[in-house]
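# Architecture and fold: a report
Each chain, letter by letter, is given below.
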Amino acid sequence: MRISVIGCGYLGAVHAACMAKLGHEVVGIDVDERKIAELAAARAPFYEPGLEDLLREVQETGRLSFTTNLAEARGSAVHFVCVGTPQKKGENGADLSFVDAAANGILPYLSPGDLVVGKSTVPVGTASRLAELVRKEQPGAHLVWNPEFLREGHAVSDTLNPDRFVYGVVDGSEEHPAVSILDEVYSAPLASGTPRLVTDHPTAELVKTAANSFLATKISFINAMAELCEAAGADVSQLADAIGMDDRIGRKFLNAGIGFGGGCLPKDIRAFMARAGELGADQALTFLREVDAINMRRRTRVVELSRELCGGSLLGQRITVLGAAFKPESDDVRDSPALSIAAQLQLQGAVVTVTDPKALSNAYQRFPELNYEADSGTAVQDADALLLLTEWKEYCDLDPYELAVSVSSKRILDGRNVLDPSKWRAAGWTYRGLGRS
Ligand code: UGA
């Protein structure tokens, strides 16, 4: 099947490569010439495990090409809209200008029977509005909302083997002609048992924002428990293990720490609240304000704990931050709690050095005033305190005895609760976790 993918960021670049892997003939389209040049040379413009190998593999088959020319979408049967929906500046709502530009841009190239398939995370109501645009321009084409649930760091496998497909079609009917076309697009994962649900447009849009809001709530719940554990002298990791054994609760996404960040959860819960307000249903989501507040409090708490760890003052303290990305296996620093904490510590007088295996150049662009050191061995030299803020495997595996000879003071704050406190304490370190006695 011929497919176009509009928007080649974290979502679109992976989607384009994976659709080619599934056997389709794919053109990836983006306005960013640099990004397109990189992708055309089979180089990923961001770090995502497995993506470059996949780009090379599918480009050798000739099934994947990239262009900045939207007219090359003509002739594709399915047009995926994969552009970003960032938070508006100074407001909670989502900025839909990229989605609107993509949808309007594709209209002249649509033929009867084509599908325009939205994958971006949008406020409920967007799909119906865009469906009307498509219907006016090309009455034989259809608009489907088909949200994406991939996680950065696992994007390739999540796209090739998702845990579900949701197709939002105008009438919510299995008989809608778009359903069989999308079934053909996803025939391989469907054949291997991936469930799919057909819904109407607003339900499909809400599935995505509800899922991300639930995940954010789960993380903030355990971080609220961490606050309580600190007050009561309990251990939040053991608490999470114990409540997670109830399979109605589950252990996943109950890791207390510095909170959630990234280009999705924070802006999605805010956009969801803003949209609920527009719909007159703001009361339904006021709890998300608390979810957001608990999450942001984690960052302040880490700054306070760092001050305590450094003996009461941050002034002139050499602090090494291990990790800048919002999570491991990613170079994404959008709303990264690690980087935000590093910047706050620096503002309060500490001399901060940040190290990360992949995210340093993105981090530098965001906070050029911090010191960056690519080699973690050099970064920890003479440090007065270490802060583990992104749980890259190499940081989780650090040896407290080996590290002891490099630092100036054996103090570590484990912002992700991934280290074994007894092991570090036995090696003479002052260890602090979050929500751990
Ligand atoms: C999230 C969702 O998990 C995806 O399903 C969704 O498709 C994606 O947003 C999106 O909307 O595009 P992602 O942003 O890649 O995916 O990252 P997550 O794995 O969800 O992690 C988000 C943040 O929560 C990270 O900062 C992570 O460190 C933090 N986290 C996660 C915790 O603090 N504790 C946990 O137990 C789990």
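A brief structural summary. Being a predicted model, the structure only gives us computed values, none of them experimental. (Residues numbered from 1 in each chain as written. Predicted model: local features only at pLDDT ≥ 70, side-chain atom pairs only at ≥ 80, totals over all residues. Heavy atoms only, no water.)

Attention shifts here to the pattern of salt bridges. Counted according to the given criterion, the structure contains 29 salt bridges. Put simply, Arg151 and Asp158 hold a salt bridge, and the shortest N to O gap is 2.8 Å. Of the residues examined, Arg151 reaches a relative accessible area of 39% and is grouped as partly exposed. Given the relative accessible area of 13%, Asp158 is considered buried. (Salt bridge = Lys/Arg side-chain N within 4 Å of Asp/Glu carboxyl O. Buried < 20%, exposed > 50% of the residue type's maximum accessible area, 1.4 Å probe, protein only.)

This part covers the sheet that holds strand 14 (residues 430–432). Sheets are built from strands paired through backbone hydrogen bonds, the pairs being either parallel or antiparallel. Strand order across the open sheet formed by six strands is 11-10-9-12-13-14, with parallel pairing between neighbours. The open sheet is flanked by strand 11 (371–372) and strand 14, the only strands paired with a single partner. The sheet contact formed by strand 12 (residues 385–388) and strand 13 (residues 411–414) spans three bridges and is parallel. Within strand 13, the position partnered with Leu388 by the bridge is Asp414. (Pairing = 2+ DSSP bridges. Helix = DSSP H or I, 4+ residues; strand = E, 2+ residues; numbered from the N terminus.)

Before going further, it helps to spend a moment on the site of the ligand. Looking at the ligand, there are 21 residues lining it, with Leu150, Glu152, Lys208, Asn212 and Lys327 nearest. For the ligand, an oxygen atom lies 2.8 Å from a polar atom in the side chain of Lys208. In this structure, an oxygen atom belonging to the ligand sits 2.8 Å away from a side-chain N or O atom of Lys327. Within the complex, 90% of the 710 Å² of free accessible area of the ligand lies under protein. Among the elements of the structure, helix 9 (201–232) and helix 11 (265–278) are those that each provide at least two residues to the shell around the ligand. Ranked by residue count, the leading element in the shell around the ligand is helix 9, at four residues. Along the lines of polarity and charge, the residues of the shell around the ligand split into 10 nonpolar, four polar and seven charged. (Near = heavy atom within 4 Å. Polar contact = N/O pair within 3.5 Å; in protein donor to acceptor, adjacent residues only side chain to side chain. Areas by Shrake-Rupley, 256 points an atom, 1.4 Å probe, with all protein chains shown as cover. Nonpolar A, V, L, I, M, F, W, Y, C, P; charged D, E, K, R; others polar.)

Okay, the packing of helix 9 against helix 10 (residues 236–244) next. Remark: helix 9 packs on helix 10, axes separated minimally by 9 Å, with the N-to-C direction vectors making an angle of 135°. One element, helix 9, and the other, helix 10, form an angle in the oblique class. In the crossing of helix 9 with helix 10, the sense of the turn from one axis to the other is right-handed. On helix 10, the residues that touch Phe221, Ile222, Met225, Ala226 and Cys229 of helix 9 are Val236, Leu239, Ala240 and Ile243. The residue makeup of the contact of helix 9 with helix 10, split by class, is nine nonpolar, no polar and no charged. (Axes fitted to C-alpha atoms, helices over the stretch in contact; angles between N-to-C directions. Parallel < 35°, antiparallel > 145°, perpendicular 65-115°, else oblique. Left-handed = near helix turned anticlockwise from the far one by under 90°. Contact = heavy atoms within 4.5 Å.)

Time to look at helix 2 (residues 33–40). For an α-helix, 3.6 residues make a turn, and residues three or four places apart therefore share a direction. Turning to helix 2, its buried residues are Lys35, Ile36 and Leu39. In a view along the axis of helix 2, the buried residues occupy a sector of 95°, so they form one face of it. Among the exposed residues of helix 2, those oriented more than 90 degrees off its buried face are Glu33 and Arg34. Packed against the buried residues of helix 2 are helix 1 (10–21), strand 2 (25–29), helix 3 (51–60) and strand 3 (64–67). Its side-chain oxygen 3.0 Å from the backbone nitrogen of Arg34, Asp32 forms the N-cap of helix 2. Note on helix 2: the residue one or two positions beyond its end, Ala42, has a positive phi of about 60°. (Arc of directions from axis to C-beta.)

Here we take up the packing of aromatic side chains. Summed over the entire model, instances satisfying the criterion amount to seven aromatic pairs. Geometrically, the ring pair formed by Tyr10 and Phe46 is tilted, given 4.4 Å between the ring centres and 40° between the ring planes. In this pair, Tyr10 sits in helix 1 while Phe46 sits in the loop between helix 2 and helix 3, placing the two residues 36 residues apart along the sequence. Pairwise contacts between aromatic rings join Phe80, Phe165, Tyr167 and Tyr186 into one cluster. When the ring centre of Phe149 is taken as origin, the NZ or CZ atom of Arg164, which lies over that ring, is 3.5 Å away. (Phe/Tyr/Trp six-rings, centres within 6.5 Å; stacked < 30°, edge-to-face > 60°. Lys NZ or Arg CZ within 6 Å of the ring centre and 35° of its normal.)

What is shown is where atoms sit, not what they do.
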